[in-house]
Amino acid sequence: MPFKFIKMTSKNILTLTFSLCFVLFSTAQISTSHKIVRGDKYSMDSKKETLTHLIGGNSEVAYVLKKSKNDRILQKVNSEVSIIKEMELDLSEGKVEKTLEDVFMIDDNIYLFSSFYNKKKSANYLFYQKINPSSLELEGAVTKIAEVANLAKMNAFARLAQKYYGNSGSSFNIITSKDSTKILVHTNITVSGEDQQKILLTVFDTEMNELWTQTKTLPYDKDLYSLEKLKVDENGNAYALGKVYKDKKNKKRSGVPNYKYELLKFSDNGEKLSDYKIALSTEFITDVGFEIANNGDIACAGFYSTNKDFSIKGTWYMYIDAKTGEATKLNKKKFDLDFITSEMTEREEKKAQKKIAKGKSTQLYDYDLDRFIIRDDGGALLIAEQFHFWVTTTTSVDGNGNTRTNNTYHYNYKDIVVININPDGSIAWNVKIPKEQYTRNDGGYQSSYVFGLINSDKLIFVFNDDPGSAYRATKRSNSNKEFNDLMMYEVQSDGSVVSEKLLSTKDFGMLTVPKLSGQLSAKNILLYNELKKEQQFLKLEFE
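Computed from a predicted model, the values in this text were never measured in an experiment.

A. Main features of the nonpolar core. Formed by 22 residues in total, the largest nonpolar core has its most connected members in L263, I278, F290, I298, C300 and W316. It is strand β24 (residues 284-292) that provides the largest number of residues to this core, a total of five residues.

B. Region of the structure containing the sheet that holds strand β35 (residues 485-491). What the four strands build is an open sheet, ordered β33-β34-β35-β36; its pairing is antiparallel. The sheet is open, and its two borders are formed by β33 (450-454) and β36 (497-504), each paired with just one other strand. Within the sheet, the average angular offset between the axes of one strand and its neighbour, ignoring direction, is 20 degrees.

C. How the structure looks around the confidence of the model for the protein. Counting all residues, the mean pLDDT for the protein is 82, and 80% of those residues have values of 70 or more. Averaged pLDDT values for the elements of the protein fall to 35 in strand β2 (residues 14-17) and rise to 95 in strand β7 (residues 83-88). Here residues 1-27 scores under 50 on pLDDT; set against residues more than four positions off or in separate chains, the count is 94 contacts. Contacts of residues 153-170 to residues separated by more than four positions or lying in other chains number 23 contacts, the stretch itself having pLDDT below 50.

D. Representation of a negative patch on the surface within the structure. A surface patch of like charges, here negative, comprises D71, E88, D90 and E97. Residue position: E97 is located in strand β9 (residues 96-97).

E. Just the pairing of strand β18 (residues 225-232), in detail. Taken together, the seven bridges between β18 and strand β19 (residues 238-245) define a ladder with antiparallel strand orientation. Bridged to L230 within β19 is A240. Linking β18 to β19, which pair antiparallel, is a turn of five residues; within it G236 sits at a positive phi near 85 degrees.

F. Main features of the pairing of β19. When you tally the buried positions in β19, you get eight out of eight residues, the bulk of the element. Neither face of β19 is exposed, since A238, A240, G242 and V244 on one face and Y239, L241, K243 and Y245 on the opposite face are all buried. Both β19 and strand β22 (residues 259-267) contribute to a ladder of eight bridges, which runs antiparallel. When the bridges of β22 are listed, K243 appears paired with Y261.

G. Spatial organisation of unusual backbone geometry. Unusually for a residue other than glycine, S122 sits at a positive phi of about 50 degrees. The residue S122 is located in the loop between β11 (109-118) and β12 (123-131) in this model. Among the residues examined, S122 registers a relative accessible area of 17% and is labelled buried. Of note, the phi angle at M208 is positive, near 65 degrees, even though the residue is not glycine. Summarising the element assignment, M208 is placed in the loop between β16 (196-204) and β17 (210-221).

H. Here's a closer look at the pattern of salt bridges. All told, the structure shown has 15 salt bridges when counted by the stated rule. Across the salt bridge formed by K66 and E49, the nearest N and O atoms sit 3.2 Å from each other. With K66 in strand β5 (residues 62-68) and E49 in strand β4 (residues 49-57), this residue pair connects regions lying 17 residues apart in the sequence. The pair K66 / E49 is uniform in exposure class, with both members buried. Linking E291 and K178 is a salt bridge whose minimum nitrogen-to-oxygen distance equals 3.6 Å. On the criterion of sequence distance, the pair formed by E291 in strand β24 and K178 in the loop between β14 (173-176) and β15 (183-189) is long-range, its members being 113 residues apart. Exposure remark for E291: the relative accessible area of 10% places this residue in the buried category. A residue is classified by how much of its surface remains accessible, and K178, at 34% relative accessible area, is partly exposed. Overlapping salt bridges, with partners in common, bring together K260, E262, D275 and K277 in one network.

I. Spatial organisation of the sheet that holds β17. Reading across the sheet, the four strands line up as β14-β15-β16-β17 and stay open at both edges, with antiparallel pairing between neighbours. Each end of this open sheet is capped by a strand with a single partner; those strands are β14 and β17. Along the sheet, successive strands turn relative to each other by an average axial angle of 20 degrees, direction set aside. By the bridge criterion, seven bridges tie β15 to β16 in an arrangement that is antiparallel. Bridging across to β16, L184 finds its partner in V203.

J. Structural detail: the environment of S267. In this structure, S267 sits in strand β22. Judged by its relative accessible area of 9%, S267 is buried. As for S267 and G236, which are separated by 31 residues in sequence, their C-alpha atoms are 7.7 Å apart. Those residues in contact with S267 that lie beyond four places of it in its chain are N237 and K272.

Rules behind the numbers
- Residues numbered from 1 in each chain as written.
- Predicted model: local features only at pLDDT ≥ 70, side-chain atom pairs only at ≥ 80, totals over all residues.
- Heavy atoms only, no water.
- Core = buried A, V, L, I, M, F, W, Y, C linked by side-chain atoms within 4.5 Å.
- Buried < 20%, exposed > 50% of the residue type's maximum accessible area, 1.4 Å probe, protein only.
- Helix = DSSP H or I, 4+ residues; strand = E, 2+ residues; numbered from the N terminus.
- Pairing = 2+ DSSP bridges.
- Axes fitted to C-alpha atoms, helices over the stretch in contact; angles between N-to-C directions.
- pLDDT = per-residue confidence, 0-100.
- Contact = heavy atoms within 4.5 Å.
- Patch = residues over 30% accessible without salt bridge, like charges linked within 9 Å, V, L, I, M, F, W, Y side chains within 5 Å.
- Areas by Shrake-Rupley, 256 points an atom, 1.4 Å probe, with all protein chains shown as cover.
- Salt bridge = Lys/Arg side-chain N within 4 Å of Asp/Glu carboxyl O.
- Lys, Arg positive; Asp, Glu negative; His and termini not counted.
- Charge placed at Lys NZ, Arg CZ, Asp CG, Glu CD.

This is how it looks when you write it as structure tokens:
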């Protein structure tokens, strides 16, 4: 039977059901009919003009945010993926110039969040204002919704950030629930002379009515705690996943991992604090994803290592009873050698085989857990991407004896891993999507991938197969070198993978930017593309 993603009618929560099948690669075509809609091309004013993020939308309209020098410009894109309206966001209020925190689309509402650091009072304020989806004009009054007063004296870095970027270093995090009915605002509070970490949490509904607010002192030393993820559920409960370090905030100490994961839940309007330990008996957890199940229990999953390092030996999965804090389900599974060595070069595979022959274990390296999706049957889906970053430094001396040092920043985005977990925690199947993206000094701007859950039953991945070569080729006239292809992969119900080429950069003339692209609806993915001073939107429409 095919797997099926079920979209719940009362909530905007995507859940899944899979069958237990084999992992297969296939030369078959993408099973879902689709077409590409091309919008108009636009010229950018300068290299300082760029898109910053996709705000949201649906099958008929999308909203994106653009930065042009010091200005923030909101753009509206129609169903033909052409820009039909844009509006500069005015963040000034009298003599006060606020800092843009974020722009969110929640249901049909668009909210602008901004902040202002009051240097005299050593306080940070968060504001919101509605944006009219049709005219893109700001509506109503600017409303203050959070305040952090009596902040500790800023260090040199924070003062520099406040001078050039307008914030105090005490920025606000804004998170929406999966069903888009609740909004969580968080900020850290640093008070001189206090050792424990303090935070401010405030929860709102979709009309920005405050449901509760709490200033909480966490049971951790502020110098030994690192907040990793925040969530809010449909009932207004807030969750904070963090790393708790033993003695110093280092990943390792004496070659051994130096931290553990703990999850905090703030319920009963933030009055009640519950602490959940996330740990395995002997293995070290390298990555954690968590979601809230329909019954309020907490589903957690991720990767583990057995080598006292940050490589990946296998995957783990647990359900935590929200009332007792006990793990009601716990399972783990190490990856087999065939999976670990799949998509390796011949040299890499031989090296792994030699390690096995010597009695050593072989593991996956440099994978980041991107997505964790739970199903209503108790199973889950994990998606991770391999990423490696490094810096090389070269030093040269000219004829006058002057020394010049140059740093080169390398970005390598590699394979995508998709893991389907059964309700009992066992792996139904796991598969790698082959990908090799290497660029330098660009922040990996046109690397990584776009993910789409199409028609609630198809996993779609879109990415450039070689953005570095394509970018270099566009700088050379009459280049005969291979250009980049924009690829689309589909993971099917049995774990098999099919793919096809969507576009050639040589013919298309632009490069897709996956980090600024995203899914708009059950049948649509918006792709942002640019090269040099031109930009264009594409839309993938599925039947």
